[in-house]
Amino acid sequence: MKVRIQFSKHGVMKFIGHLDIMRYFQKAMRRADVDIAYSGGYSPHQIMSFAAPLGVGLESDGEYLDIEVNSHNGAEHMKQALNAVMVDGIRILSVRMLPDQAKNAMASVAAAGYLVRFRKGYEPDFDYQGTLQDFYGQDTIPFVKQTKNSEIELNLKPAIYELEIRDEAVYMLVDASSAGNIKPSMVMEAFYRFREKDLPEFALQITRTDTYTAIEEDGIKHFIPLRDVGIAF
Amino acid sequence: MNKLALSDEILLKVEKPARYIGNEVNSVVKDKSKIDVRFAMCFPDVYEIGMSHLGIQILYDMLNRFEDVWCERVYSPWIDLDQIMRAQQIPLFALESQDPVKEFDFLGITIQYEMCYTNILQILDLAGIPLMAEERTDSDPIVIGGGPCAYNPEPLADFFDLFYIGEGETQYRELIDLYKENRAQSGSRRDFLRKAAKLPGIYAPSFYQVSYHADGTIDRFYPTEEGIPAIIEKELVSDVTDTYYPEKPVVPFIKVTQDRVVLEIQRGCIRGCRFCQAGQLYRPVRERDVDMLKEYAVKMLKNTGHEEISLSSLSSSDYSKLEELVSFLMETCTREHVNICLPSLRIDAFSLDVMNKVQDVKKSSLTFAPEAGSQRLRNVINKGLTEEVILEGAVEAFKGGWSRVKLYFMLGLPTETEEDIRGIAELSNKIAAAYYETVPKQKRNGKCQIVASTSFFIPKPFTPFQWAPQCTKEQFLDKAYLTRTAIMEQLNQKSIKYNWHEADASVLEGVFARGDRRVAKVILRAYQKGCLYDAWGETFKNDVWLEAFKECGLDIGFYTTRERSLDEVFPWDFISCGVSKEFLKREWKRALSEQVTPNCRMQCQGCGAAQYKCGVCFEKRNESDSMTPTEGGAL
C-alpha cells in the first residue's frame, strides 16, 4: 500500500539539504517502526520517493514523501509514531493512503506556493506592495539565468500562476514541475530588476506553503495540494 | 525553536552548515537552570570526523546521565568558518545550547592523533580561552585532555590544566564532585587543580617540573609540591559489561565517516605487536558479555535508525563469543535490512562464510595487515601472521569469489633491510599468482586487484619500539621508491597497485609522539604562523612547520632519528599504563633477536597488567594450546 506523508520543515532544519533529509527519513522510518517495504536485489532499499526538493535555507509547510508499507495500524498511529521520533523543526502534518494508480510524489508535482518575506535589515527601499501587480501585469517577465558557461534568457510569466501580497509578504504560486520548475528567488530577482534594483544576497526568507499537483476538471486545469490526492485510512 | 550562534547569512555561506547547528536525533538538551556543571566535550577536528568517534559518544552519554551535568559537543570549525569567526569575532560555541564555550565549567578535549595539535590551539583561541594554561583565570573553563595521545601529554603540557590518563568512564564523577565542592568553598582555580592532581589518573602539569641534562635528555621530572603524586597510574574499567555505554548515540544529519551503530565488543588486544601503542595502552584485554552486546545492538539500532552496525575492537577474531554474536546479528539484521560491518577479522573459513552472507563479494575486498614483507621482520615486530596463512586465506577467498585484496605494510621498522622491503613486492606477487592459479580463466572477472599500501613506522611511547630511532624523511622516501621499483619488477605487477603515505607528516608525528615539554613552543609558533588541520593533506604546511622549528631552535632529529639509550628517562615515564618498562625492554631485546612472544591467551609474559585483576590476566588459560602463532589477516 502506498502512503503519502506531508511534513513541515522549519527553524534550524532549513540548513539540512535534500539528500540529508532523505537519509533522515530513512532512519526515522526505522525508529518509528513503520513497516516500510524494501526493494529487491542485493542491497535492498526502502521504497520512498520525495516530491520537490527544497533548497537549503528555505522553510516549508508542504513537503511530501511517498512510501510503500507492508502493514499499518492506521494513519493516525503512523503520524504519531513518526512525530514521536522527529527532531525539532520537522513535523508530520498528514498521512494519507494513495490510490494504486496515483503517480508518485515527484512525478505529480506541478506547482508550489511560496511566501517570501524580507530578512530584517533587507526590506526593499521601494514600494513593493504597491508595484507588485504592475510587475505581474507585464506581458513577459524576462529573466537571465546563469549557467556554467552561458546565459539563458527566460520568460517567467507563463510559470507564475499567482502573484500577490499576503500578510505583508509576497505570495506566489509557480511552476515546480520537472519541466518548468522556477525558483521564487528568480521571480523576486526579476521584480527587483523591474524596479531597476539589485536583489541583495540573503534578503529573502522563503517558506514553501504547499506543493501541488494539477488535475483537469471539465477541461480546466486546477492545482490541488498533493495530500488531496490521498485518502484517509 | 532553538537559537543559533551563527547568522543565516554565515550558515548559507559556509560549506555544510549542518556541522554547526546541533539539533541531531538523540542530542541532549537540558534546562540550564537545573544543572550545576556545564561540560563542553571537544574532538578537535571537523564534525564528520569527530562525530564518528565512539569514545566521545560514550562520555557524552555518561556525563549526561549525571543529573547535575550538561555535556555538549564541540568540533573544529572548518577553515571557511574559522576565518569568518575570527573576522567577526564570533566566539566558539557548543552545538546543543549554541552558548560560548568560554562560559562552560569544563572544556574536555580528546586527543586521538598527534596531527590535531594545532586544532587544539584553534579551539582555545576561537573560544577566547588563553592558550597558555598559566594565563587562565577563574572565569575560564578547566581545560582537560584525554585519549591515547594523553599518554605522552608533555608536548601539550603548557596548554592544558589537566590531563585524564586512561579510560574515561571511571573518574569524571569524582572530578566533577571535587569541582562543585571547591566552588562551594569559594576555592580558586589553583585550589581545584591541586585537589584534582591527587585524584587517580589525573595529571596537572603545572605541579611538575622538568630538568634536563646538557645533552637535552631529561634529568629529573618531579612534582613541585608535597602530596602531588610522582607517578600517574592510568584509569581502567575493570568490568566492561557493567559500565556506561550509549543506548542512544547521536545521529548526525550529514554523512559522517562512521555512519553506523558501533558496538565495542572488547577493549585491549592479546597480540602484543611491538609497534602498536593501543595494544599496550589498553591492556589487559577485557571482553564485554555477549548478552549485553546483543541487547545493546538491538536497542542502538532501534534508537538511531541506522542501517548498518559495526563491531569494534583491536582484533575481533580474538573475541571468544564472536560466532554467537555474529550469528545473532545476522539473524536480527537480515530481518531488519541492516548491514553488518566486521572490521579486523582474521581470514579463515568462519569469517569468509560470514562475509559471504553479509557482503556483496564482488564489490568488497579483503584486507590483510602483514605489516612487514618478510617473515624475519614480522618476527621482529611480533606480528605472527605467516605467509602461509595469508596465502591460504587468499586462496579460500578467491574460491569464494573475491578478487580484490588490500595489503597493509609499514616501512622503516627497526632492523629493516632491502630484502625485507623486496618481500612486500614478492608477497603481493605471490597473492596475485595464487589468484591466477586458483581461479580458472572462464571464471575470472578481468584481473585480480592487489592494493599494497605502506605507511611509515613511527615509534610510539609505551611500546617496545619506544627506544628505536625513526627514519629520516629521505630514508622513508628511498624505502618507498625501493618498494615501488621492486613491485614493478614482479611478474604480476599489472595486478598490483602501490600506495604510500606522505613522509613529511610522519616526521612531525614522530616529534609529537615522543616529544617533551619544549615542543610546546613549536606547536604554538606553527599555529601562530597559520598551521591548522595538519592531519589534512590539503591544509598541511610542512615548510611553515620547518620554519617554526628553526625559529624555536629545536632539532627535529633529537626527537625522531636519535638512538635512545636503555636508561634514558622518557618524558612519559611518570605515567604508568600498567605495562612495566622492564617488560618493554625485554620485548625490545627480543625484537632485536627476532624472537616471537606468545600472545596473552597462550602464555602470560608478566607485562604488569595483571595488577588490574581483570580481563585476560584472570581467564583460565589452556596451556596445552598450540604455541604456533595463528594470527591471520583482517577482512
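Here is what the cut-offs are and how they apply
- Residues numbered from 1 in each chain as written.
- Chains lettered and ligands numbered in written order.
- Predicted model: local features only at pLDDT ≥ 70, side-chain atom pairs only at ≥ 80, totals over all residues.
- Heavy atoms only, no water.
- Salt bridge = Lys/Arg side-chain N within 4 Å of Asp/Glu carboxyl O.
- Buried < 20%, exposed > 50% of the residue type's maximum accessible area, 1.4 Å probe, protein only.
- Helix = DSSP H or I, 4+ residues; strand = E, 2+ residues; numbered from the N terminus.
- Phe/Tyr/Trp six-rings, centres within 6.5 Å; stacked < 30°, edge-to-face > 60°.
- Lys NZ or Arg CZ within 6 Å of the ring centre and 35° of its normal.
- 1 Å grid on protein atoms, 1.4 Å probe; cavity = no way out; pocket = protein on both sides within 12 Å on 5 of 7 lines; lining within 4 Å.
- Points joined across faces, edges and corners; volume = space filled by probe spheres on them.
- Nonpolar A, V, L, I, M, F, W, Y, C, P; charged D, E, K, R; others polar.
- Domains from an automatic or database assignment.
- Contact = heavy atoms within 4.5 Å.
- Buried area = accessible area lost by both parts, 1.4 Å probe.
- Polar contact = N/O pair within 3.5 Å; in protein donor to acceptor, adjacent residues only side chain to side chain.

Peer 1: Please clarify how the pattern of salt bridges should be interpreted in this entry.
Peer 2: Opposite charge on two side chains makes pairing possible when the charged atoms of those side chains draw close. All names here are of chain B. For the structure on display, the rule yields 74 salt bridges over all chains. Residue Lys34 is joined to Asp31 by a salt bridge in which the shortest nitrogen-to-oxygen separation is 3.5 Å. Overall, the relative accessible area of 65% leaves Lys34 in the exposed class. Between Asp82 and Arg86 there is a salt bridge, and its shortest N-O distance comes to 2.8 Å. On the criterion of helical spacing, the pair formed by Asp82 and Arg86 is a turn pair, its members being four residues apart in helix α4 (residues 79-88). When salt bridges with common partners are traced through the structure, they connect Glu167, Glu169, Glu264, Arg267, Arg286 and Arg288 into a single cluster.

Peer 1: What am I meant to see in the packing of aromatic side chains here?
Peer 2: Aromatic ring pairs are described here by two measures, namely the spacing of the ring centres and the angle between the planes. Applying the stated criterion to the full structure yields 45 aromatic pairs over all chains. Consider the rings of Tyr179 of chain B and Phe192 of chain B, whose centres lie 5.3 Å apart with planes at 85°: the pair is edge-to-face. On the criterion of sequence distance, the pair formed by Tyr179 of chain B in helix α6 (residues 172-184) and Phe192 of chain B in helix α7 (residues 189-196) is long-range, its members being 13 residues apart. Taken individually, Tyr179 of chain B and Phe192 of chain B each receive the classification buried, so the pair is uniform in this respect. Positioned above the aromatic ring of Tyr171 of chain A is the side chain of Arg166 of chain A, whose terminal nitrogen or guanidinium carbon lies 3.6 Å from the ring centre. The positively charged end of Arg518 of chain B is found above the aromatic ring belonging to Tyr212 of chain B, 3.7 Å away from the centroid.

Peer 1: Can you help me understand the layout of surface pockets in this one?
Peer 2: Left-over empty space is what a probe sized like a water molecule reveals as it rolls over the atoms. Of the voids in this model, the second largest pocket is the one considered here, and its volume is about 1,000 Å³. Considering the residues around the second largest pocket, the lining is formed by 30 residues, among which Ser43 of chain A together with Glu307, Glu308, Val338 and Asn339 of chain B are closest to the centre. Listed by contribution, the elements that provide at least two residues to the lining of the second largest pocket are α1 (18-31) of chain A together with α10 (322-336), β14 (339-341) and α11 (349-358) of chain B. By residue number, the principal contributor to the lining of the second largest pocket is α1 of chain A, which donates four residues. For the lining of the second largest pocket, the residue count by class is ten nonpolar, nine polar and eleven charged.

Peer 1: What exactly am I supposed to notice about the domain arrangement of chain B here?
Peer 2: Size of an interface, as often reported, equals the accessible area lost when the parts are brought together. All names here are of chain B. Segmenting chain B into domains produces domain 1 (8-233) and domain 2 (261-514 + 560-618). The centre of domain 1, based on its C-alpha atoms, is set 31 Å off from the matching centre of domain 2. Taken together, the contact between domain 1 and domain 2 spans 26 residues of the former and 30 residues of the latter. Taking both sides of the interface into account, the surface hidden between domain 1 and domain 2 amounts to around 2,300 Å²; carbon and sulfur atoms contribute 61%. The three residues of domain 1 that bury the most area against domain 2 are Glu114, Tyr151 and Glu167, which together make up 28% of that side's buried surface. Summed over the shared surface of domain 1 and domain 2, the number is four salt bridges. A salt bridge links Glu167 to Arg286, with the shortest nitrogen-to-oxygen separation between them at 2.8 Å. The tally of links from domain 1 across to domain 2 stands at nine residue pairs in polar contact (both at pLDDT 80 or more). Per-element tally for the side of domain 1 that touches domain 2: the top contributor is strand β8 (residues 218-223), with three residues.

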